[in-house]
Amino acid sequence: MERKRLHPAGPEFSRIITGVWRWNSLSTDQTERLIKESVACGITTFDHADIYGNYSCEALFGKVIGTQPSLRSKMQLVTKCVIMLLSDKKPAHRIKHYDTSKEHILSSVEQSLQNVKTDYLDLLLIHRPDPLMNPEAVAEAFSNLKQSGKVLHFGVSNFTPAQFEMLQAYVSDPLVTNQVELSLFRHQVLFDGTVDTLMKHHVSPMAWSPLGGGKFFSSKGGGEADSGKLEALAHQHQCSVSQLLLAWLLYHPSGVFPILGTTNPERIAEGAKSLEVKLTRQDWFELLKAVTGHDVA
Ligand SMILES: NC(=O)c1ccc[n+]([C@@H]2O[C@H](COP(=O)([O-])OP(=O)(O)OC[C@H]3O[C@@H](n4cnc5c(N)ncnc54)[C@H](OP(=O)(O)O)[C@@H]3O)[C@@H](O)[C@H]2O)c1
């Protein structure tokens, strides 16, 4: 498995990442299997958020780390904060909202560390842009977490280029990623300046829902894609459609890090092998046309 830095001064992650969002209904044994299959395939980076599984997925993962602490040194952990869900576990929340206050960021990280049973996070992301974000407060929280060694690197998720550059103007460390929705089916960030702005700052994007959340497989394209074309290209490259979709992301010069959302160990192994699929420039545009329905201008 290829490893790469998100930014010249950022963390080195496995090029394919395992995401924990959909793990909420899994047993501890199933969770352990997914963790171990990922690590065995060289996928050593795991993407969390405090809210996944109604605030339960980090702790589920932590049950495995708690019983096998040696696993921690073999992995890099990402988590996110600031979304405040309506939840039976959060009776004080009257409405879904965001909280980018210094106090909330610090307490959210403390909770995540306890949940995952670790004393540091490799990367902390601001999960969503908050219209009430005070960048000085975020910068103070980041600086405090860096100095205490609780978080090694910082980034954002779902930020526009202007929001990314605004926060970067206040934070002394480089923001090392913007985790965005990016797949062949949802490729707007490649055309609206989001990824260009990251490249300007030598930052690689992390791609969430890299397979479009799996809708293609349940509805054979969901009306969005020429599934026959995708299957023909997969056949030509002797790979699966999933591997083709991941290879399409990996081809981009920004150095995209796709985050797999599967709960199936076999599909983790399949995803890891997508690095072996070698597309050409014309394959890339052919795949783009298979979802847009037209040639580029
Ligand atoms: N920053 C953000 O705002 C944000 C938002 C959403 C997600 N994320 C992150 O991104 C990660 C990935 O997102 P995602 O789960 O939407 O990713 P995804 O990999 O695009 O979709 C995963 C879904 O596709 C299904 N799937 C995959 N391959 C399949 C196949 N060959 N046939 C049938 N179904 C298939 C999976 O089902 P099986 O489990 O059955 O394989 C699963 O339900 C999350 O875990 C999370 O870490 C971040």
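Quick caveat, the model's predicted, so the values are computed rather than measured.

I would appreciate a short explanation of the overall build of the protein chain in the present structure.
Helix and strand counts for the protein chain stand at twelve helices and twelve strands. In summary, the protein chain has a C-alpha radius of gyration of 19 Å against a globular reference of 19 Å for 297 residues, a match within 12%. Each of the three principal axes of the protein chain carries a C-alpha extent, and together these read 50 × 45 × 40 Å. The proportion of buried residues among the 297 residues of the protein chain is 40%. Nonlocal contacts in the protein chain, meaning residues at least 24 apart in sequence, comprise 76% of its contacts between residues at least 6 apart.

Honestly, the sheet that holds strand 9 (residues 151-157) in this entry has me stumped. Any pointers?
Adjacent strands of a sheet form backbone hydrogen bonds with each other and so pair up, either parallel or antiparallel. The sheet built from eight strands closes into a barrel, its strands ordered 3-4-5-8-9-10-11-12 with parallel pairing. On average, each strand axis in the sheet is tilted by 30 degrees relative to the strand beside it, whichever way the strands run. In the sheet, strand 3 (residues 17-19) pairs with strand 4 (residues 45-47) via two bridges, with the strands oriented parallel. Within the sheet, the bridge partner assigned to Thr-18 lies in strand 4 and is Phe-46. Strand contacts of helix 6 (residues 161-168): strand 9 and strand 10 (175-181), with the helix running at about 160 degrees to strand 10, the strand carrying the most contacts.

Explain unusual backbone geometry to me, please; I cannot follow it from the model alone.
Peptide bonds are mostly trans, and most non-glycine residues show a negative phi. Even without a glycine there, the phi angle at Asn-158 is positive, about 65 degrees. With respect to the helices and strands, Asn-158 occurs in the loop between strand 9 and helix 6. Phi is positive for Ser-209, which is not a glycine, with a value near 50 degrees. Considering the arrangement of structural elements, one finds Ser-209 in the loop between strand 11 (206-208) and helix 8 (215-219). We classify Ser-209 as partly exposed; it has 19 C-beta atoms within 10 Å.

Before we go on, may I ask you to explain the site of the ligand in this structure?
In the vicinity of the ligand lie 24 residues, with Gly-19, Trp-21, Gly-214, Phe-217 and Gly-261 positioned nearest. The residue inventory of the shell around the ligand, partitioned by class, reads eight nonpolar, 13 polar and three charged.

Can you help me understand the environment of Val-39 in this one?
Inspection of the secondary structure assignment puts Val-39 in helix 1 (residues 28-40). Taking the C-beta count within 10 Å as the criterion, Val-39 has 17 such neighbours and is therefore assigned partly exposed. Taking the C-alpha atoms as reference points, Val-39 and Met-75, 36 residues apart in sequence, are found 7.6 Å from one another. Setting aside its immediate chain neighbours within four residues, Val-39 contacts Thr-44, Lys-74 and Met-75.

What's the story with the nonpolar core in this structure? I'm lost.
Note on soluble globular proteins: their nonpolar side chains tend to be buried together. Judged by nonpolar contacts, the single largest core of 75 residues is most densely connected at Ile-17, Leu-124, Val-138, Leu-175, Ala-207 and Leu-244. Broken down by element, this core gets its largest block of residues, seven residues, from helix 10 (residues 241-250).

Cut-offs and rules
- Residues numbered from 1 in each chain as written.
- Predicted model: local features only at pLDDT ≥ 70, side-chain atom pairs only at ≥ 80, totals over all residues.
- Helix = DSSP H or I, 4+ residues; strand = E, 2+ residues; numbered from the N terminus.
- Rg over C-alpha atoms; globule rule 2.2 N^0.38 Å.
- Buried ≥ 20, exposed ≤ 12 C-beta atoms within 10 Å, placed from the backbone.
- Contact = placed C-beta atoms within 7 Å.
- Pairing = 2+ DSSP bridges.
- Axes fitted to C-alpha atoms, helices over the stretch in contact; angles between N-to-C directions.
- Near = placed C-beta within 6 Å.
- Nonpolar A, V, L, I, M, F, W, Y, C, P; charged D, E, K, R; others polar.
- Core = buried A, V, L, I, M, F, W, Y, C linked by C-beta atoms within 7 Å.

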